[in-house]
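Spelled out from the first residue to the last, the chains are:
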Amino acid sequence: QVQLVESGGGLVQLEESLGLSCAVSGSIFSSYVSYVMAWYRRAPGKQRELVASLTSGSITNYADSVKGRFTISRDNDKRTLYLQMNSLKPEDTAVYYCYLRTTTMIGSAEYWGQGTQVTVSS
């Protein structure tokens, strides 16, 4: 069974940095054709939004609000996705979720982590 486990959330001050990690367990990469990993977030009273994504072809995509401040990356050997967040702002406060979509010859599957809280204080 595939599991995504996030870590690294917490409380930081304005303009500080924080790094999130998402460890992937389960036997999925042995049969995948392609995949997309991403970070989403949901702020209080708002809809979930895409923060950053990274494809198996190493193509990245960022929300306009985080471009230049956040960096998504992965370590294939460690089966871990990262999100480095710099120059944090109060509006970055949200629950951050790790996401994985795998596409194989027989179809696609989606997986979500449980979420980790990031709070930025001014």
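See above for the structure.
Residues numbered from 1 in each chain as written. Predicted model: local features only at pLDDT ≥ 70, side-chain atom pairs only at ≥ 80, totals over all residues. Heavy atoms only, no water.

## Quick look at the nonpolar core
Our working rule: Throughout this description, the term nonpolar core refers to a set of buried Ala, Val, Leu, Ile, Met, Phe, Trp, Tyr and Cys residues connected via side-chain atoms within 4.5 Å. Accessibility here uses a 1.4 Å probe with only protein chains present; expressed as a share of the type maximum, an area under 20% marks a residue as buried, one over 50% as exposed, and anything in between as partly exposed. Strands here are runs of E lasting at least two residues and helices are runs of H or I lasting at least four, both read from the DSSP assignment and numbered beginning at the N terminus. Should any heavy atoms of two residues lie within 4.5 Å, those residues are counted as being in contact.
Core analysis: the biggest nonpolar cluster contains 29 residues, and Trp39, Leu83, Met85 and Tyr96 have the highest contact counts within it. Of all the secondary-structure elements, those providing two or more residues to this core are strand E3 (18-25), strand E4 (34-42), strand E5 (49-55), strand E7 (70-75), strand E8 (80-85), strand E9 (94-104) and strand E11 (116-121). Excluding its chain neighbours within four sequence positions, the residues that come into contact with Leu83 are Leu18, Gly19, Leu20, Trp39, Val51, Ala52, Phe70, Thr71, Ile72 and Tyr96.

## A word on the sheet that holds E7
Across a sheet, paired strands are connected by hydrogen bonds in the backbone, their directions being either parallel or antiparallel. Formally: Two strands make a pair as long as DSSP finds a minimum of two bridges between them. Axis definition: a line fit to C-alpha positions, over the contact stretch in the case of helices; interaxial angles, taken between N-to-C directions, run 0 to 180 degrees.
Here we have 4 strands laid out as an open sheet, ordered E1-E3-E8-E7, and antiparallel in their pairing. In this open sheet, the two edge strands, each paired with only one partner strand, are strand E1 (3-7) and E7. Averaged over all adjacent pairs, the angle separating strand axes in this sheet is 15°, with direction ignored. With 5 bridges connecting them, E1 and E3 associate as antiparallel partners. Counterpart to Leu4 in the pairing with E3 is Val24.

## Details of the pairing of E8
Bridging between E3 and E8 involves 6 bridges; their strand directions are antiparallel. By the bridge assignment for E8, Leu18 is matched with Met85. Here E7 pairs with E8 via 6 bridges, running antiparallel. Bridge pairing in E8 places Arg74 opposite Leu81. What sits between the antiparallel neighbours E7 and E8 is a turn of 4 residues, in which Arg79 has the positive phi angle 55°.

## Quick notes on the pattern of salt bridges
What counts here: Note on definitions: salt bridges are taken to be side-chain nitrogens of Lys or Arg within 4 Å of carboxyl oxygens of Asp or Glu.
Enumeration according to the criterion identifies 4 salt bridges in this entry. Here Glu49 makes a salt bridge to Arg41, at a shortest N to O gap of 2.6 Å. Accessibility expressed as a relative area gives 33% for Glu49, which makes it partly exposed. Looking at Arg41, the relative accessible area reads 5%, which means it is buried. Close ionic contact of Lys67 with Asp64 constitutes a salt bridge, the shortest N to O distance being 3.1 Å. Members of the salt-bridge network, linked through shared partners, are Arg41, Glu49, Arg69 and Asp92.

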